[in-house]
Amino acid sequence: MNSFVFEDALKLVLALITGGFIGMEREYRSKAAGFRTMILIAIGSTLFTMISVRIGAPASMDRVAANIITGIGFLGAGVVFKDSTSVTGLTTAASIWATASLGMAIGIGEYQLAFFGLLLVITVLALFEKVQIWIEHFNQKHTYKIIFNKSADAIEEIERKMNAIALNYVVRKELKNENENIYFFEVSGTRENIKRLNSFLMNNPSVKSFEC
């Protein structure tokens, strides 16, 4: 068994720095997995990889490291949340996965690979958000739950409005009771037209409530 050496300390410090950079970006955006969490993920995956190399040499150095991916999968699943209309936390879960992979690269001494991987991860998280916003400006997709008063022409009025402002829509579900009608729409279109639809729904007396 090799003793603790300078390179071991260097790997752990590099893991701390790597996780810290990613964690700062996630913490700045108030995500579930923030600064300390990402540091611990990077350090932990680096340590597990170093241990795997030592106890598995020479025949099966990957026997511990291979299970890091499984463990990180469970951790990432814990930050993904789904409600009736959306799924959140996928980017943070992917960040956890990427941070663990960088820690593993550091653990086997692939410092250049880890460095360029870190640059790409930070670029995607910090800079590509503007690209995503630009794309969403031209097309957004929302699932609407609209509750109408019991009115025969309410649904037709909403559909006419969506056609008039060039929104694409599909009725996914329809529920009715004595006092109200509930419709679930999948709606897509530009951000401005989505805002127009929201404003129309808020000021429509036939609409009791809606969420998207």
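It should be noted that the structure appears before, not after, this text.
Residues numbered from 1 in each chain as written. Predicted model: local features only at pLDDT ≥ 70, side-chain atom pairs only at ≥ 80, totals over all residues. Heavy atoms only, no water.

So, about the pairing of strand E3 (residues 140-149). Two strands pair when backbone bridges link them, and E3 and strand E5 (residues 180-189) are joined in this way by ten bridges, in the antiparallel orientation. Paired with Asn149 across the bridge in E5 is Glu180. Note: E3 against strand E6 (residues 207-211), four bridges, orientation antiparallel. Across the sheet, the residue bridging to Lys145 is Glu211, located in E6. (Pairing = 2+ DSSP bridges. Helix = DSSP H or I, 4+ residues; strand = E, 2+ residues; numbered from the N terminus.)

To continue, consider the packing of aromatic side chains. Using the criterion set out here, one finds five aromatic pairs in the structure. Relative to Phe116, the ring of Phe115 has its centre 5.4 Å away and its plane inclined at 75 degrees; by these criteria the two rings are edge-to-face. Residue classification places Phe116 among the exposed positions, given a relative accessible area of 51%. The interplanar angle of 65 degrees and the centroid separation of 6.1 Å between the aromatic rings of Tyr169 and Phe185 together place this pair among those described as edge-to-face. Linking Tyr169 in strand E4 (residues 168-176) with Phe185 in strand E5, this pair joins segments that are 16 residues apart in sequence. The exposure class of Tyr169 is partly exposed, given its relative accessible area of 24%. Feature note: the residues Phe148, Tyr169, Tyr183 and Phe185 constitute an aromatic cluster, connected by ring pairs. (Phe/Tyr/Trp six-rings, centres within 6.5 Å; stacked < 30°, edge-to-face > 60°. Buried < 20%, exposed > 50% of the residue type's maximum accessible area, 1.4 Å probe, protein only.)

In space, the four strands of this open sheet follow the order E4-E5-E3-E6, with antiparallel pairing throughout. Since the sheet does not close on itself, it has two edges, and those belong to E4 and E6, each with one partner. On average, adjacent strands in this sheet sit at an angle of 20 degrees to one another, irrespective of strand direction. (Axes fitted to C-alpha atoms, helices over the stretch in contact; angles between N-to-C directions.)

What follows concerns the pattern of salt bridges. Under the definition given, this model contains six salt bridges. In this structure, the salt-bridge partner of Glu25 is Arg26, at a minimum N-O distance of 2.7 Å. Residue Glu25 is classed as buried on the basis of its relative accessible area of 9%. Where Arg29 meets Glu25, a salt bridge forms, and the shortest distance between an N and an O atom there is 2.3 Å. What you see here is one network of salt bridges that share partners, running through Glu25, Arg26 and Arg29. (Salt bridge = Lys/Arg side-chain N within 4 Å of Asp/Glu carboxyl O.)

Counting 17 residues, the largest nonpolar core has Ile22, Met38, Ile41, Ile72, Ile96 and Val121 as the members making the most contacts within it. Elements represented by at least two residues in this core include exactly helix H2 (35-56), helix H3 (65-77), helix H4 (90-107) and helix H5 (111-138). Here this core takes six residues from H4, the largest share from any one element. Residue contacts for Ile41: discarding those within four places in its chain leaves Ile72, Leu75, Ile96, Thr99 and Ala100. Counting 16 residues, the second-largest nonpolar core is a separate cluster that includes Tyr144, Ile146, Phe148 and Ile158. (Core = buried A, V, L, I, M, F, W, Y, C linked by side-chain atoms within 4.5 Å. Contact = heavy atoms within 4.5 Å.)

Locating Lys11 in the fold gives a position in helix H1 (residues 6-28). The side chain of Lys11 sits in the buried core without any salt bridge; Glu7 is the nearest counter-charge, 4.3 Å away. Among the polar contacts listed, one links the side chain of Lys11 to the backbone oxygen of Gly107, at a separation of 3.1 Å. Every residue in contact with Lys11, bar those within four places of it in the chain, is listed here: Thr46, Met50, Ile106, Gly107, Ile108, Gly109 and Tyr111. (Lys, Arg positive; Asp, Glu negative; His and termini not counted. Polar contact = N/O pair within 3.5 Å; in protein donor to acceptor, adjacent residues only side chain to side chain.)

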